[in-house]
Amino acid sequence: MNSKLKRAIIIALLVSTAIGSAFAFQNEKQSAAATLLWLAHPADKWENAFPVGNGRLGAMVFGRTDEEQIQLNEDTYWSGGPYSTVVKGGYQALPELQKLVFDGQYKQAHILFGRRLMGYPVEQQKYQALANLVIKFPAKDVVSDYRHQLSLETAIATTSYLQSGVRYTREVFVSPVDQVIVVRLTADQPGKISFKAQLRGYRNTAHSNYATDYFKMDSEGSDGLILRGKSADYMGIEGKLRYQARLHAMPAGGSMRVMDDELSVNNADAVTLFIAAATNFVNYKDVSADPQARVETTLKALAGKSFDAVKAAHLQEHQRLFRRVALTLPTTPNSQLPTDERLKGFDGSNDPALSALLFQFGRYLLISSSRPGTQPANLQGVWNKDMNPSWDAKYTTNINTQMNYWPAEVGNLSECAEPLFTMIKELTDQGSQVAREHYGARGWVHHQNTDLWRVAAPMDGTSWGTFTTGGAWMAMHLWEHYLFTADKAFLREYYPVLKGSAEFYLDFLVPHPKYGWLVTNPSTSPENFPAGPASVRFFDEITTFETGTSITAGSTIDMQILNDLFSAVAQAADVLGTDQEFKQKVIATRARLAPMQVGRKGNLQEWLEDWDETEKSHRHISGLWGLYPGNQISTRRTPKFAEASKVVLEQRGLPGNGWSSAWKAACWARLGNADKALENINYAIHNYTFNSLFSICSKAMQVDGSFGMAAVIAELLLQSHEEELNLLPALPASWNTGEVSGLQARGGFEVGMRWQNGRLTEAAILSKAGNLCRVRSAAALQVTSQGKPVSATRPEKDVVEFKTTTGATYKLIAKL
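Thresholds applied
Residues numbered from 1 in each chain as written. Predicted model: local features only at pLDDT ≥ 70, side-chain atom pairs only at ≥ 80, totals over all residues. Heavy atoms only, no water. Helix = DSSP H or I, 4+ residues; strand = E, 2+ residues; numbered from the N terminus. Rg over C-alpha atoms; globule rule 2.2 N^0.38 Å. Buried < 20%, exposed > 50% of the residue type's maximum accessible area, 1.4 Å probe, protein only. Contact = heavy atoms within 4.5 Å. Lys, Arg positive; Asp, Glu negative; His and termini not counted. Charge placed at Lys NZ, Arg CZ, Asp CG, Glu CD. Pairing = 2+ DSSP bridges. Axes fitted to C-alpha atoms, helices over the stretch in contact; angles between N-to-C directions. Parallel < 35°, antiparallel > 145°, perpendicular 65-115°, else oblique. Left-handed = near helix turned anticlockwise from the far one by under 90°. Nonpolar A, V, L, I, M, F, W, Y, C, P; charged D, E, K, R; others polar. pLDDT = per-residue confidence, 0-100. Salt bridge = Lys/Arg side-chain N within 4 Å of Asp/Glu carboxyl O. Phe/Tyr/Trp six-rings, centres within 6.5 Å; stacked < 30°, edge-to-face > 60°. Lys NZ or Arg CZ within 6 Å of the ring centre and 35° of its normal. Polar contact = N/O pair within 3.5 Å; in protein donor to acceptor, adjacent residues only side chain to side chain. Core = buried A, V, L, I, M, F, W, Y, C linked by side-chain atoms within 4.5 Å. Expected span 1.5 Å × (residues − 1).

## Description of the overall build of the protein
When helices and strands are counted, the protein shows 20 helices and 35 strands. At 27 Å, the protein has a C-alpha radius of gyration in line with the 28 Å of a compact globule built from 816 residues. When burial is assessed residue by residue, the protein has 64% of its 816 residues classed as buried. Considering only contacts in the protein between residues 6 or more positions apart, those separated by 24 or more positions represent 70%. Put simply, the protein has 82 plus and 81 minus side-chain charges, and the middle of one group is 3 Å from the middle of the other.

As structure tokens, then:
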């Protein structure tokens, strides 16, 4: 762990202590209604199993009583090996392509892009399933008093039941300290633990050309099992990953034997299973590590440690992160029901604490799937049961990867975004080659997908691959991190990445021959096909199906992202006292970008032309990027565009998928409409949420919607994107009483609040950077620090401003 991360952790601990003491309520033990998932039956399918993880390793726990399955993942086990999708010389076709787009020859432009600028291979690699731990129990008697639960507070999945008069309990967790998956089996009577266990591998048997992967199952010594394997070749890319998973059993009492690939335990009092796993992956260019040595090092470090010691270290490290934020919302009798029944019975207002559970589940997932040094959370986080998962379980960067990290800063988990930041920096490698070879430009560019190997060229097909601002969108997360933390050392380290992104667009943007504005060309509004001239159907030689095209110039989302990117680079140059000439270039270029426009139906246009969409309730609302997560549309600053955004949201309605519901709810929160935001949350709960609280996208499990909902719930309580802290900007009526602590805000602040009858009663703000604090609240506020009044001004109605000192906590009391 580098010094920067250590410093961030220390500051965060100080902050949490200060906020907690200011409010007197404790983060140490939150309500079970907000931190506990539980079922009265085992998971009926993988998607409803409970997830545990440490960022690098993941496990899905079913809770079965006859044959338990614990499905395992390691975050660097993917198909293929280091490769490139850069196509040299593509830039030579760019002038012709741009002319075709400007001339309205969209089909011809579509085909030319596919032939000359599309990356090759056209597809990317797949995240892979690692193993299954299967535990067979001999007892077949009737089970009663069954409970299967996941504590977000402890990050432990627990299964407990009565069988033949014996209480059996299993605990499963993944230690971020000892880097092992831990399974603990106990009974309330001695000599009652018996089972047979196997560590089973996966192969890709769906397609013969993938069947170059293999695994071998063996015993290991007198107390273990070992699984060795190789990754699959895919798209002509050799599978170069090798992996090893090893199980080490520690029984108390009874007997144990190992035969071939099976471990048997008989009549033990208790048993602990430790599973270590690793691959030979070093980084996206290097696969020279020794997985066996890595596993042996992990297990040797574990030698002599008791289960209790391993568990205690796990709890301490998990709770260091999880307990930074506490949220309490009203509970009802429904709040005490099993989670699947809570979801089914929710009507939008009869169980407010369910929203607190969704919020904390999103934070829990981020802690479990993304930690410093690991891979970023992919479409499925770190959990995957398939060798051919939906959308390859990779990194889709036209909304999904970005949404995974929406709750990171506000949810006080800044260091959990470190894997994203590292990936962005790594993408500049092939991204700079793509900029040069595909577009003849400086800087770096990334499109709509990447994988473990950090490829950056367009993929899938023209209608998806022409999204050139995926990397710029991700680069905005770097600037957002600075806004929340005021960490100049971080900004200095990543400024070249921000600048490199801007450099690309300085070269790539071209004047529109009709309007004169600078636009991206080619461009697209992600995955949404306009009902304009481009809607002609034709057989596409890349995708091999009949389609229209989404290729265009200057989509609204492109212009919004670049507006914010150029602003961020200019501000970063000022903060760092550097690059003033470059700053002036981006400011001048920003002024020439195509502006947002209101269409004939009163809607915010998604494209440069006033086109309709071919799909009424399309899941992407890309044209509203400037409302959320961007910062260009505001009910106070730009009321015309705010109203036009409402028209789009009403037109799209509720259908979509889990992440779409989260995005729409976030936009409604920015518009101050709590009812509409909650309506989308309710719709997602009933249509796009598994019993495990994982989000659903086209029937598949994805984590993005779960992360998005956590960000939405925070956005309803606190907004800080307009250079002020807006307290309770969109509080749902059913959340009329509650309290929250530990939320982070831009400007380097940490915020706690308490409210009753829908009105703020008190707040505590800790200043981490000593910035001027501007607070907006419907309540008239009196400001004190250490019991003494603080001089404050009131520059406008409902706003109070006061100077702060780094490390000081300010208490704001609502005047009656």
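## Brief notes about the sheet that holds strand S3 (residues 57–61)
Ordered in space as S2-S3-S4-S5-S10-S15-S14, the seven strands form an open sheet in which the pairing is antiparallel. Both outer strands of the open sheet, strand S2 (50–53) and strand S14 (255–259), are each paired with one neighbouring strand and no more. Strand-to-strand twist across the sheet, computed as the mean angle between neighbouring axes with direction ignored, equals 20 degrees. As paired strands, strand S5 (residues 131–136) and strand S10 (residues 193–201) are joined by six bridges and run antiparallel to one another. Bridging across to S10, Lys136 finds its partner in Lys196. Contacts from helix H8 (residues 353–369) reach S2 and S3 within the one sheet, and its direction differs from that of S2 by about 45 degrees.

## Details of unusual backbone geometry
Outside of glycine, negative phi angles account for most residues, and trans bonds account for most peptide bonds. With an omega dihedral of 0 degrees, the bond running from Tyr120 to Pro121 counts as a cis peptide bond. Mapped onto the elements of the fold, Pro121 is located in the loop between helix H4 (106–116) and S5. With omega at 10 degrees, the peptide bond leading from Asn521 into Pro522 counts as cis. Tracing the chain through its elements places Pro522 in the loop between strand S21 (518–519) and strand S22 (538–539). Of note in this structure, Ser698 is not a glycine but carries a positive phi near 50 degrees. Tracing the backbone through its elements, the reader meets Ser698 in the loop between strand S24 (695–697) and strand S25 (700–702). Residue Ser698 is classed as exposed on the basis of its relative accessible area, which comes to 55%.

## A closer look at the packing of helix H15 (residues 556–576) against helix H16 (residues 580–590)
Between H15 and H16, whose axes approach to 9 Å, the crossing angle comes to 155 degrees. Regarding the angle of H15 to H16, the classification is roughly antiparallel. The hand of the H15/H16 crossing is left-handed. Facing H15, whose interface residues are Asn563, Phe566, Ser567, Val569, Ala570, Ala573 and Asp574, H16 presents Gln580, Phe582, Lys583, Val586, Ile587, Thr589 and Arg590. Taken together, the residues of the contact of H15 with H16 break down into seven nonpolar, four polar and three charged.

## Details of the confidence of the model for the protein
Here the protein averages 95 in pLDDT, and 96% of its residues register 70 or above. This stretch, residues 1–28, has a pLDDT under 50; its non-local contacts, to residues over four places away or in other chains, come to 57 contacts.

## A closer look at the pattern of salt bridges
Per the stated rule, a full pass over the model turns up 51 salt bridges. Of the charged contacts in the structure, one is a salt bridge between Lys583 and Asp574, with a shortest N-O distance of 2.9 Å. Judged by its relative accessible area of 14%, Lys583 is buried. For Lys646, the salt bridge goes to Glu643, with nearest N and O atoms at 3.0 Å. A residue pair is termed a helical-turn pair when its members lie 3 or 4 positions apart in one helix, as Lys646 and Glu643 do in helix H17 (residues 639–652) at three residues. Residues joined by salt bridges that share partners form a network here, namely Arg636, Arg637, Glu722, Glu724, Arg774, Arg776, Glu796 and Glu801.

## Quick word on the packing of aromatic side chains
Going through the model one piece at a time under the given rule, you end up with 29 aromatic pairs. Here the aromatic rings of Tyr515 and Trp517 are separated by 4.9 Å at their centres, their planes lie at 15 degrees, and the arrangement is stacked. Overall, the relative accessible area of 23% leaves Trp517 in the partly exposed class. Among the aromatic residues, those joined into a cluster by ring pairs are Trp406, Trp473, Trp625, Tyr628 and Trp663. In this structure, Arg147 packs its charged tip against the face of Trp38, placed 4.0 Å from the ring centre.

## Thoughts on the side chain of Thr543
Within the element layout of this structure, Thr543 appears in the loop between S22 and strand S23 (546–547). At a separation of 2.9 Å, a polar atom in the side chain of Thr543 contacts the side chain of Asp540. Look past the residues within four positions of Thr543 in its chain and what remains in contact with it is Asp460, Gly461 and Trp464.

## Notes on the packing of helix H11 (residues 418–439) against helix H14 (residues 488–508)
Packed helices, taken two at a time, are described by the angle between their axes plus the distance between the axes. Put simply, H11 and H14 touch, their axes get as near as 11 Å, and they point 25 degrees apart. Judged by the inter-axis angle, H11 sits roughly parallel to H14. The handedness of the crossing between H11 and H14 comes out as left-handed. Contacts from Phe421, Thr422, Ile424, Lys425, Thr428, Ala435 and Tyr439 in H11 reach Phe490, Glu493, Tyr494, Val497, Phe504 and Phe508 in H14.

## Side note on the sheet that holds strand S34 (residues 799–802)
Read across the open sheet, the four strands follow the order S26-S27-S31-S34; overall the sheet is mixed. Of all the strands in the sheet, the pair left with one neighbour each is strand S26 (718–719) and S34. When strand S31 (residues 773–776) meets S34, the two strands line up antiparallel, connected through four bridges. Counterpart to Arg776 in the pairing with S34 is Val799.

## Considerations on the pairing of strand S30 (residues 759–767)
The element S30 is extensively covered by neighbouring structure, given that seven of its nine residues are classed as buried. Connecting strand S29 (residues 749–756) to the next strand, S30, in antiparallel fashion are two residues, including Asn757 with a positive phi near 50 degrees. The pairing of S30 with strand S35 (residues 809–814) spans five bridges and is classified as antiparallel. Counterpart to Ala764 in the pairing with S35 is Lys811.

## Points about the nonpolar core
Within the largest apolar cluster, 242 residues are counted, with the highest numbers of intra-cluster contacts made by Phe195 and Met753. Counting residues in each nonpolar core, the second largest holds 13 residues, with Phe173, Ala276, Phe307 and Val310 among its members.

## Re the pairing of strand S13 (residues 242–252)
Here strand S12 (residues 224–230) pairs with S13 via seven bridges, running antiparallel. Counterpart to Arg228 in the pairing with S13 is Gln244. Looking at chain direction, S13 and strand S16 (residues 270–279) are connected through ten bridges and run antiparallel. Bridging across to S16, Gln244 finds its partner in Ala278.

## Observations regarding the environment of Tyr202
Of note, Tyr202 is situated in the loop between S10 and strand S11 (214–220). By relative accessible area, which is 14% here, Tyr202 ends up buried. As a C-alpha pair, Tyr202 and Asn132 span 70 residues in sequence and 8.1 Å in three-dimensional space. Among all residues touching Tyr202, those that are not within four sequence positions of it are Gln71, Ala129, Leu130, Ala131, Asn132, Asp213, Phe215, Lys385 and Met387. A distance of 2.8 Å separates the side chain of Tyr202 from the side chain of Asn132, its partner in a polar contact.

## Points about the side chain of Glu527
Inspection of the secondary structure puts Glu527 in the loop between S21 and S22. Residue class for Glu527 comes out buried when judged on its relative accessible area of 17%. With residues up to four places along the chain from it excluded, the contact list for Glu527 reads Asn398, Trp464, His618, Arg619 and His620.

## So, helix H20 (residues 704–717)
If you check H20, its first and last C-alpha atoms are 20 Å apart, about what 14 residues at 1.5 Å a residue would give, namely 20 Å. Burial analysis of H20 places 14 of its 14 residues in the buried class, the great majority of the element.

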